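Structural overview for review
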Amino acid sequence: MLNCCRLVAVQREQVLGWAGLSAVSNREVYLGVAEVSVYVANQAQGKGLGQALINALINESEKSGIWMLQASIFPENTSSIALHARNGFRQVGNREKLGKLNGVWRNVVLMEKSCNSYL
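Here is a short report on the structure shown in this document. (Residues numbered from 1 in each chain as written. Predicted model: local features only at pLDDT ≥ 70, side-chain atom pairs only at ≥ 80, totals over all residues. Heavy atoms only, no water.)

1. Quick notes on the side chain of Arg106
Which entries qualify depends on this criterion: Think of it this way: any DSSP run of H or I at least four residues long counts as a helix, any run of E at least two long counts as a strand, and we number them from the N terminus. The contact criterion used throughout is that any non-hydrogen atoms of two residues lie within 4.5 Å.
Its place among the elements puts Arg106 in strand S6 (residues 104-114). For Arg106, the residues in contact, after removing those within four places along its chain, are Phe74, Glu76, Glu96, Lys97, Leu98, Gly99 and Leu101.

2. As for the packing of aromatic side chains
Applied cut-off: In this analysis, rings of Phe, Tyr and Trp, with Trp reduced to its six-membered ring, are considered paired at centre separations within 6.5 Å, and the interplanar angle assigns stacked below 30 degrees, edge-to-face beyond 60, and tilted for intermediate values. To sit over a ring, a charge needs its Lys NZ or Arg CZ within 6 Å of the ring centre and within 35 degrees of the ring normal.
Taken as a whole and assessed by the stated rule, the structure comprises one aromatic pair. Note that Arg106 overlies the ring of Phe74, its terminal NZ or CZ placed 3.8 Å from the centroid.

3. Here's the deal with the state of the cysteines
Which entries qualify depends on this criterion: For this text, the term disulfide refers to a pair of cysteine sulfurs within 2.5 Å. Only protein chains enter the accessibility calculation, which uses a 1.4 Å probe. A residue is then buried if its area is under 20% of the maximum for its type, exposed if over 50%, and partly exposed in between.
On inspection of all chains with the given rule, the structure shows zero disulfides. With no disulfide partner, Cys4 has as its closest neighbouring cysteine sulfur the one in Cys5, 3.2 Å distant. According to the relative accessible area criterion, Cys4 is buried, its value standing at 19%.

4. Looking at the sheet that holds strand S2 (residues 14-23)
Where we set the bar: Two strands form a pair only when DSSP identifies at least two bridges running between them. As a rule, the C-alpha atoms of each element are fitted with a line to give its axis, helices using only the stretch in contact, and angles between N-to-C directions run from 0 to 180 degrees.
Strand order across the open sheet formed by six strands is S1-S2-S3-S4-S6-S5, with mixed pairing between neighbours. The outermost strands of the open sheet, each flanked by one partner alone, are strand S1 (6-11) and strand S5 (90-101). Across this sheet, the average inter-strand angle for adjacent strands is 25 degrees, counted without regard to direction. Note that S1 and S2 share six bridges and pair antiparallel. Along S2, the bridge assignment pairs Leu7 with Ala19. Helix-sheet contacts for helix H1 (residues 49-63) involve S1, S2, strand S3 (33-40), strand S4 (68-73) and S6, and the interaxial angle to S2 is about 35 degrees.

5. Some thoughts on unusual backbone geometry
Look at Glu13: it is not a glycine, yet its phi comes out positive at around 65 degrees. Residue position: Glu13 is located in the loop between S1 and S2. Residue classification places Glu13 among the exposed residues on the basis of a relative accessible area of 79%. With a phi close to 55 degrees, Asn102 is a non-glycine residue in the positive phi region. Its place among the elements puts Asn102 in the loop between S5 and S6. Residue classification places Asn102 among the exposed positions, given a relative accessible area of 74%.

6. So, helix H2 (residues 78-86)
Here is the rule we go by: To be clear, the arc concerns the directions from the helix axis to the C-beta atoms.
Turning to H2, its buried residues number three or more, namely Ser80, Ile81, Leu83 and His84. Projected onto a plane normal to the axis of H2, the buried residues spread over an arc of 160 degrees and lie on a single side. With respect to the buried face of H2, the exposed residues turned more than 90 degrees away are Thr78, Ser79 and Arg86. On the buried face of H2, the contacting elements are S3, H1, S4 and S6. Residue Gly88 follows H2 closely and has a positive phi angle near 90 degrees.

7. A short note on H1
Convention followed: Any helix carries an expected span of 1.5 Å times its number of residues minus one.
If you check H1, its first and last C-alpha atoms are 21 Å apart, about what 15 residues at 1.5 Å a residue would give, namely 21 Å. Listed in full, the buried residues belonging to H1 are Leu49, Gly50, Leu53, Ile54, Leu57, Ile58 and Ser61. The buried residues of H1 occupy one face: seen down the axis, they fall within an arc of 160 degrees. Of the surrounding elements, those touching the buried residues of H1 are S1, S2, S3, S4, H2 and S6. Backbone geometry just downstream of H1 places Gly65 in the positive-phi region, at approximately 85 degrees.

Okay, structure coming up:
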(Lines give C-alpha, C1' and ligand atoms only; values in the text may rest on other atoms or scores of the structure.)
Protein backbone atom coordinates (compact mmCIF):
# COMPACT_ATOMS: atom_id res chain seq x y z
CA MET A 1 0.00 0.00 0.00
CA LEU A 2 1.24 3.47 -0.84
CA ASN A 3 0.91 6.18 1.76
CA CYS A 4 1.50 9.03 -0.68
CA CYS A 5 0.18 10.66 -3.80
CA ARG A 6 -3.50 11.26 -3.10
CA LEU A 7 -4.89 14.47 -4.59
CA VAL A 8 -8.42 15.90 -4.49
CA ALA A 9 -9.74 18.94 -6.37
CA VAL A 10 -12.55 20.64 -4.45
CA GLN A 11 -14.55 23.75 -5.29
CA ARG A 12 -17.21 25.11 -2.94
CA GLU A 13 -17.15 21.86 -0.94
CA GLN A 14 -17.80 19.80 -4.10
CA VAL A 15 -15.27 17.22 -5.29
CA LEU A 16 -14.53 17.93 -8.96
CA GLY A 17 -11.78 15.36 -9.38
CA TRP A 18 -9.11 13.25 -7.78
CA ALA A 19 -5.91 11.43 -8.64
CA GLY A 20 -3.98 8.80 -6.77
CA LEU A 21 -1.51 5.97 -6.95
CA SER A 22 -1.86 2.34 -5.91
CA ALA A 23 0.92 -0.16 -5.42
CA VAL A 24 1.09 -2.80 -8.14
CA SER A 25 2.78 -5.35 -5.87
CA ASN A 26 3.89 -5.91 -2.28
CA ARG A 27 7.18 -7.35 -3.49
CA GLU A 28 10.19 -5.18 -2.68
CA VAL A 29 11.49 -5.29 -6.27
CA TYR A 30 8.35 -3.43 -7.43
CA LEU A 31 8.05 -0.85 -4.63
CA GLY A 32 8.73 1.98 -7.10
CA VAL A 33 6.00 0.94 -9.55
CA ALA A 34 2.51 2.40 -9.14
CA GLU A 35 -0.86 2.34 -10.88
CA VAL A 36 -2.30 5.76 -11.77
CA SER A 37 -5.98 6.62 -11.31
CA VAL A 38 -7.42 9.97 -12.41
CA TYR A 39 -11.08 11.00 -12.21
CA VAL A 40 -12.70 14.25 -13.34
CA ALA A 41 -16.41 14.87 -12.75
CA ASN A 42 -18.54 15.50 -15.85
CA GLN A 43 -19.14 19.17 -14.99
CA ALA A 44 -15.37 19.80 -14.68
CA GLN A 45 -14.24 18.07 -17.87
CA GLY A 46 -12.62 20.09 -20.64
CA LYS A 47 -11.33 22.78 -18.26
CA GLY A 48 -7.78 21.54 -17.67
CA LEU A 49 -8.42 19.84 -14.35
CA GLY A 50 -7.28 16.41 -15.56
CA GLN A 51 -4.02 17.99 -16.78
CA ALA A 52 -3.48 19.75 -13.47
CA LEU A 53 -4.17 16.57 -11.49
CA ILE A 54 -1.93 14.28 -13.54
CA ASN A 55 0.88 16.85 -13.58
CA ALA A 56 0.73 17.22 -9.78
CA LEU A 57 0.51 13.44 -9.39
CA ILE A 58 3.62 12.87 -11.52
CA ASN A 59 5.53 15.49 -9.50
CA GLU A 60 4.45 13.96 -6.18
CA SER A 61 5.28 10.45 -7.37
CA GLU A 62 8.84 11.45 -8.29
CA LYS A 63 9.32 13.12 -4.88
CA SER A 64 8.12 9.87 -3.29
CA GLY A 65 10.61 7.62 -5.08
CA ILE A 66 8.30 6.12 -7.70
CA TRP A 67 10.26 5.12 -10.81
CA MET A 68 7.49 3.73 -13.03
CA LEU A 69 3.86 4.74 -13.44
CA GLN A 70 1.34 2.60 -15.25
CA ALA A 71 -2.27 3.12 -16.24
CA SER A 72 -4.95 0.68 -17.40
CA ILE A 73 -7.55 2.57 -19.42
CA PHE A 74 -10.69 1.35 -21.18
CA PRO A 75 -10.05 1.65 -24.95
CA GLU A 76 -13.10 3.85 -25.56
CA ASN A 77 -11.82 6.42 -23.03
CA THR A 78 -9.85 8.24 -25.72
CA SER A 79 -9.64 11.48 -23.72
CA SER A 80 -7.86 9.68 -20.87
CA ILE A 81 -5.52 7.91 -23.30
CA ALA A 82 -4.70 11.28 -24.90
CA LEU A 83 -4.17 12.93 -21.49
CA HIS A 84 -1.72 10.25 -20.45
CA ALA A 85 0.08 10.38 -23.82
CA ARG A 86 0.48 14.18 -23.53
CA ASN A 87 2.15 13.61 -20.17
CA GLY A 88 4.79 11.16 -21.31
CA PHE A 89 2.95 7.85 -21.04
CA ARG A 90 3.38 5.42 -23.91
CA GLN A 91 1.09 2.59 -24.91
CA VAL A 92 2.77 -0.74 -24.21
CA GLY A 93 -0.07 -3.12 -24.90
CA ASN A 94 -3.68 -4.16 -24.84
CA ARG A 95 -4.89 -6.54 -22.18
CA GLU A 96 -7.97 -8.65 -22.89
CA LYS A 97 -10.60 -9.36 -20.26
CA LEU A 98 -8.47 -7.88 -17.50
CA GLY A 99 -11.36 -6.60 -15.42
CA LYS A 100 -15.05 -7.15 -14.91
CA LEU A 101 -17.41 -4.16 -14.70
CA ASN A 102 -21.09 -4.75 -13.99
CA GLY A 103 -20.66 -8.39 -14.94
CA VAL A 104 -19.02 -7.60 -18.30
CA TRP A 105 -15.41 -8.50 -19.10
CA ARG A 106 -13.40 -5.42 -20.03
CA ASN A 107 -10.27 -4.96 -22.12
CA VAL A 108 -7.79 -2.21 -21.25
CA VAL A 109 -5.02 -0.24 -22.90
CA LEU A 110 -1.85 -0.48 -20.81
CA MET A 111 0.26 2.68 -20.69
CA GLU A 112 3.43 3.45 -18.74
CA LYS A 113 5.77 6.32 -17.92
CA SER A 114 9.31 6.03 -16.63
CA CYS A 115 10.44 8.63 -14.15
CA ASN A 116 13.84 9.38 -15.63
CA SER A 117 15.28 10.82 -12.43
CA TYR A 118 15.43 7.28 -11.02
CA LEU A 119 16.57 5.30 -14.06
